[in-house]
Amino acid sequence: MAGYILALDQGTTSSRAILYDDHARPIKMVQQPTTLQTPRAGFVEQDALQIWQTQISCAHDVINRAGLLATDVTSIAITNQRESIVIWDKQTGKPLAPATIWQDRRTADYCKTLAAENISNSMNDPVHQSADSVNMAHEVQRITGLRLDPYFSASKIAWLLENNPKLSVRASRGEIAVGTIDSWLIYKLTGGEHVIDVTNASRTLLFDIHKLAWSEALCDRFAIPMNILPKVLPSDGDFGKTKKGLFAKQIPIQAVLGDQQAALFGQGCLDAGMAKNTYGTGCFMLMNIGQQPKLSEHKLLTTVAWQRKTSPTRPDNLSFDQLVQSGKRMLQPPKKEVTYALEGSIFMAGAIVQWLRDNLGMIEQSSDIEDLARQVDSSKDVVLLPAFTGLGAPYWRSDISASITGMSRGTTKAHIARAALEAVAYQTYDVLIAMQKDSPHPLTELRVDGGAANNDLLMQFQADLLGVPVLRPRDTEITAKGAALLAGLKTGLYDESTMKASWQVDRVFEPNMSIDAREQHLAKWQRAIDRSLMPLSN
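So, here is what we can say about the structure in this document. By convention here, each chain's residues receive numbers from 1 onward along its written sequence. Owing to the predicted nature of the model, reporting of local features is limited to residues with pLDDT of at least 70; listing and counting of side-chain atom pairs is limited to 80 or more, with chain, interface and lining totals taken over all residues. Water and hydrogen atoms play no part in the side-chain values, which are based on all heavy atoms of the structure.

## Thoughts on the overall build of the chain
Next, step 1: Helix and strand assignments come from DSSP, with helices taken as H or I runs of at least 4 residues and strands as E runs of at least 2, each series counted from the N terminus. Scanning the chain for helices and strands turns up 17 helices and 24 strands.
Next, step 2: The reference for a compact globule is 2.2 Å times residues^0.38; the radius of gyration itself is calculated from the C-alpha atoms. The C-alpha radius of gyration of the chain comes to 23 Å, within 12% of the 24 Å expected for a compact globule of 538 residues.
Next, step 3: For the chain, the spread of C-alpha atoms along the three principal axes comes to 80 × 55 × 50 Å.
Next, step 4: Per-residue burial for the chain yields a buried fraction of 58% across its 538 residues.
Next, step 5: Across the chain, every contact between residues at least 6 apart in sequence was considered, and the portion connecting residues at least 24 apart equals 72%. Buried, partly exposed and exposed residues are distinguished by accessible area as a fraction of the type maximum, computed with a 1.4 Å probe on protein chains only: under 20%, between the cut-offs, and over 50%, respectively. Residue contacts follow a heavy-atom distance rule, with two residues in contact if any of their heavy atoms lie within 4.5 Å.

## Remarks on the sheet that holds strand S1 (residues 4-10)
Next, step 1: Should DSSP find at least two bridges between two strands, the strands are regarded as paired. The five strands lie next to each other as S3-S2-S1-S5-S15, forming an open sheet whose pairing is mixed. Of all strands in the sheet, those bounded by a partner on one side alone are strand S3 (26-33) and strand S15 (253-258). The average angle at which neighbouring strand axes cross in this sheet is 15 degrees, direction not considered.
Next, step 2: Bridge count between strand S5 (residues 73-80) and S15: five bridges; the pairing is parallel. Helix axes use the C-alpha atoms of the stretch in contact, all axes being lines fitted to C-alpha atoms, and the angles between their N-to-C directions lie in the range 0 to 180 degrees.

## Side note on empty space enclosed by the protein
Next, step 1: Grid points spaced at 1 Å over the protein atoms alone were grouped into cavities, where a 1.4 Å probe fits but cannot get out, and pockets, open sets with protein on both sides within 12 Å along at least five of seven lines, with lining residues defined by an atom within 4 Å of a point. Grid points are joined across faces, edges and corners, and a volume is the space filled by probe spheres set on the points. Tallied over the entire structure, the rule returns two cavities of 30 Å³ or more.
Next, step 2: Empty space within the largest cavity amounts to approximately 60 Å³.
Next, step 3: In this structure, the largest cavity is lined by Ile 85, Ile 157, Val 178, Gly 179, Thr 180, Ile 196, Thr 204, Leu 206, Trp 214, Leu 229 and Pro 230.
Next, step 4: Ranked by residue count, the leading element in the lining of the largest cavity is strand S10 (residues 176-180), at three residues.
Next, step 5: Its residues placed into classes, the lining of the largest cavity shows eight nonpolar, three polar and no charged.
Next, step 6: If you go around the second largest cavity, the residues you meet are Ile 346, Leu 391, Gly 392, Ala 393, Pro 394, Tyr 395, Gln 427, Asp 430, Trp 525 and Ile 529.
Next, step 7: Among the secondary structure elements, those contributing two or more residues to the lining of the second largest cavity are helix H13 (413-438) and helix H17 (515-533).
Next, step 8: Ten residue types, Ala, Val, Leu, Ile, Met, Phe, Trp, Tyr, Cys and Pro, are classed as nonpolar, four, Asp, Glu, Lys and Arg, as charged, and the remainder, Gly among them, as polar. A breakdown of the residues in the lining of the second largest cavity according to their chemical character gives seven nonpolar, two polar and one charged.

## Quick word on the packing of helix H14 (residues 456-466) against H17
Next, step 1: As a packed pair, H14 and H17 sit with axes 9 Å apart at the nearest point and diverge in direction by 100 degrees. One element, H14, and the other, H17, form an angle in the roughly perpendicular class. Facing H14, whose interface residues are Phe 461, Asp 464, Leu 465 and Leu 466, H17 presents Arg 518, His 521 and Leu 522.
Next, step 2: Residue classes in the contact of H14 with H17 are distributed as four nonpolar, one polar and two charged. Any angle between 65 and 115 degrees counts as roughly perpendicular, while under 35 counts as roughly parallel, over 145 as roughly antiparallel, and the rest as oblique.

## A look at the packing of aromatic side chains
Next, step 1: Two rings from Phe, Tyr or Trp (for Trp, the six-membered ring) form a pair when their centres sit within 6.5 Å of each other. Planes less than 30 degrees apart are called stacked, planes more than 60 degrees apart edge-to-face, and all others tilted. Within this structure, the stated rule accounts for 16 aromatic pairs.
Next, step 2: With a centroid separation of 6.1 Å and an interplanar angle of 35 degrees, the aromatic rings of Tyr 151 and Trp 396 are classed as tilted. Residue Tyr 151 is found in the loop between helix H3 (136-144) and helix H4 (153-163), and its partner Trp 396 is found in the loop between strand S20 (383-385) and strand S21 (403-405); the two are separated by 245 residues along the sequence.
Next, step 3: Judged by relative accessible area, Tyr 151 falls into the buried class, the value being 1%.
Next, step 4: With a relative accessible area of 8%, Trp 396 lands in the buried category.
Next, step 5: A connected cluster of aromatic rings, assembled from ring pairs, spans Trp 102, Tyr 151, Phe 152, Phe 284, Phe 347 and Trp 396.
Next, step 6: Distance and angle both matter: a charge sits over a ring if NZ of Lys or CZ of Arg is within 6 Å of the ring centre and within 35 degrees of the ring normal. Across from the ring centre of Phe 284, 5.5 Å away, lies the NZ or CZ of Arg 82, which sits over that ring.

## Considering the pairing of strand S18 (residues 301-309)
Next, step 1: Among the nine residues that make up S18, seven are buried, leaving the element largely enclosed by the rest of the structure.
Next, step 2: Here eight bridges tie S18 to strand S19 (residues 336-346), and the two strands are oriented antiparallel to one another. Bridging across to S19, Gln 307 finds its partner in Val 338.

## Quick look at the sheet that holds strand S17 (residues 283-290)
Next, step 1: Spatial ordering of the open sheet is given by S18-S19-S17-S16-S22-S23-S24, a layout of seven strands whose pairing is mixed. Two strands in the sheet have a free side with no partner beyond their single neighbour: S18 and strand S24 (505-509). The average angle at which neighbouring strand axes cross in this sheet is 30 degrees, direction not considered.

## Quick word on the environment of Glu 364
Next, step 1: Tracing the sequence through the fold places Glu 364 in the loop between helix H11 (350-358) and helix H12 (369-373).
Next, step 2: For Glu 364, a relative accessible area of 76% translates into the label exposed.
Next, step 3: For Glu 364 and Trp 503, which are 139 residues apart along the polypeptide, the C-alpha to C-alpha distance reads 32 Å.

## So, unusual backbone geometry
For residues besides glycine, phi is generally negative; the peptide bonds are generally trans as well.
Next, step 1: For the bond from Ala 393 to Pro 394, the omega torsion is -5 degrees, close enough to zero to count as cis.
Next, step 2: Along the chain, the position of Pro 394 falls in the loop between S20 and S21.
Next, step 3: The residue Lys 299 is not glycine, and still its phi comes out positive at about 65 degrees.
Next, step 4: Topologically, Lys 299 is positioned in the loop between S17 and S18.
Next, step 5: Accessibility expressed as a relative area gives 41% for Lys 299, which makes it partly exposed.

## Considerations on the layout of surface pockets
Next, step 1: Its volume calculated, the largest pocket comes out at about 1,000 Å³.
Next, step 2: As for the largest pocket, its lining consists of 42 residues, and the residues nearest its centre are Tyr 279, Gly 280, Thr 281, Gly 450 and Gly 451.
Next, step 3: Per-class residue counts for the lining of the largest pocket are 13 nonpolar, 21 polar and eight charged.
Next, step 4: The volume enclosed by the second largest pocket comes to roughly 560 Å³.
Next, step 5: Taken together, 21 residues form the lining of the second largest pocket, with Leu 36, Thr 38, Gln 103, Met 348 and Gln 354 sitting closest to its centre.
Next, step 6: Partitioned by chemical class, the residues of the lining of the second largest pocket number seven nonpolar, ten polar and four charged.

## What to know about H14
Next, step 1: Taken across its eleven residues, H14 has ten buried, putting it largely inside the fold.
Next, step 2: For H14, the full list of buried residues reads Leu 457, Leu 458, Met 459, Gln 460, Phe 461, Gln 462, Ala 463, Asp 464, Leu 465 and Leu 466.
Next, step 3: Counted as a polar contact is a pair of N or O atoms within 3.5 Å, where, for protein atoms, one must be capable of donating a hydrogen and the other of accepting one, and residues adjacent in sequence contribute only when both atoms are in side chains. If you check the start of H14, you find a side-chain oxygen 3.2 Å away from the backbone N of Leu 457, and it comes from Asn 455.
Next, step 4: A positive phi of about 75 degrees marks Gly 467, the residue just after H14.

Limitation: the analysis is restricted to geometry and does not speak to function.
Below, the structure is given as structure tokens:
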């Protein structure tokens, strides 16, 4: 079966479109940058129209540059930055405010206050009613698998409604729509479909990951009318077709995954215990934990990895004659199986390198960081704590500030560059330790992707800290591929053999650091963490 999958990859700093052939090979990619705005401390925004315009421009360009026609495209797949939200007019499709990005921390105080609230632990769970009370943070985790943090969508939506009275009134009338970036793109692509995929819904802080539905109790508590929320669909659901005139034919949208879930799928982590780490703007480690949503006891997140239809099966493996005698249907209808994941979210990874480039002018382009860091054999006592937007997992401290410690007169920009790369690996180590405590599956290898996965110095240091091999695939831009693979499986363009053949290892980084050296590195990092968490004396 010939055909192509058009994968739309809308990230924090750029929009991309990639075409994949019938063997899941990327044949052409087009990318355009998007602009982040920080109008006030803690605010991180984007122009929602720029997100749409760059994305659709990339889609048209990639088809043209590949020498193809829209009629050659079998299906569209979407993967996107998660948690970021757009609010728009249902009638006109025009955004009513800037897109609020996942890095935005304006609601930190609000979330901290809300987290401490005591409530009945029967919230949204009539089966386990009792007179006891728990705090809101505990209840939010029980329902959503997440932490009550400004990182997620709910407090961003609540802030927009509370601080824009006209929006609040219009919301109560059902005149506006809100959604994550996938929802916004689908609305624009289709000309009006207001839907969201389950993986993105599971990142809003409003979604019950057990019932796979919006939580009425949480929507009430955040004062968010449920009528402004999109309809939730499986990851390989039917999200609609592109509106007439947008392409030469109406193309179906048949797979949507949040970027990190797409990377987990694209890395072939289909079995429980398999894990990947994506080194992008942030750093995100996900481990497949199977079909039961185990809640973390070590400050990690439990999230929906994907929901997809299974193939029709013969009931009870009966023979044809037995089926005829039993009167059962020949094939059982496909089920919508859900896979869950544990996740550790690190806010600053590639963004640290961007800071060194753009704010300090230490390098001209991000790829220069490795050569600069290699000018010294060690960062010595220098530690860069990249808490520019607070610390993510497993600390979850939005009140911590970034710092560089351990400098002396002999410190050079090479030491700082090396400390910056080490900070990414240290944060990943912290997440892994928490993940191993939560999961019954020991980690035997870590699959990596994202731009910084091409940094050999970082990958070797990562393997040394973790004590397990780090596997880098030939295609490190795996996020778009994950969404494309899911779309291809849905349409029949791909099969399971395509999945296996599409992942090929480029290099394996084996740990080779001595135990003593490893412990010294980790002790240095832990001292920096302890200092940052220490309360200020009067």
